[in-house]
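Summary of the model geometry
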Amino acid sequence: VQRGLQCNLILQKESEKGWGVFTTEDIAEGRFICEYAGELLTNSEASRRQSLRDQAACAAQYLLVVKEMLPSGVASFRLNIDA
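Calculation criteria
- Residues numbered from 1 in each chain as written.
- Predicted model: local features only at pLDDT ≥ 70, side-chain atom pairs only at ≥ 80, totals over all residues.
- Heavy atoms only, no water.
- Helix = DSSP H or I, 4+ residues; strand = E, 2+ residues; numbered from the N terminus.
- Contact = heavy atoms within 4.5 Å.
- Salt bridge = Lys/Arg side-chain N within 4 Å of Asp/Glu carboxyl O.
- Buried < 20%, exposed > 50% of the residue type's maximum accessible area, 1.4 Å probe, protein only.

Once that is clear, we can look at the environment of L40. With respect to the helices, strands and loops of the structure, L40 is situated in strand β3 (residues 39–41). Each C-alpha atom of the pair L40 and L79 lies 7.2 Å from the other, and the pair is 39 residues apart in sequence. Setting aside residues up to four positions removed in sequence, L40 forms contacts with L79, N80 and I81.

Spelled out as structure tokens, the structure:
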């Protein structure tokens with residue numbers, strides 16, 4: 001990682017949405033937080049891999065889904081990253 005972690009992050013399970021990354025401090029707009037690298041997947045490939053992991057009861061693998069939401073609540077785009 002070129003710039004390293006720039007703020008305090010914690011992994012925590014949220015009761016309604018599952019695991020997430022949270023910060024223990026306020027983050028200024030435009031501030032670099034960290035670099036994350038993984039394989040970018042199509043929606044169908046992400047679904048296929050998640051189904052395989054569910055069948056194998058594999059809890060050690062992660063599939064990161066990032067959705068950009070508009071103020072209306074509609075997703076403007078979605079990224080699936082296999083971590």
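Here the focus is the pattern of salt bridges. Opposite charge on two side chains allows them to pair when their charged atoms are near. A complete count under the given rule lists 4 salt bridges for this structure. A salt bridge links R49 to E45, with the shortest nitrogen-to-oxygen separation between them at 2.7 Å. Placement of both R49 and E45 in helix α1 (residues 43–55) is noted, with a separation of 4 residues, approximately one turn of the helix. Relative accessible area serves as the criterion here: at 17%, R49 is assigned to the buried category. A relative accessible area of 21% places E45 in the partly exposed class.

So, to be careful, I would describe these as geometric facts and stop short of saying anything about function.
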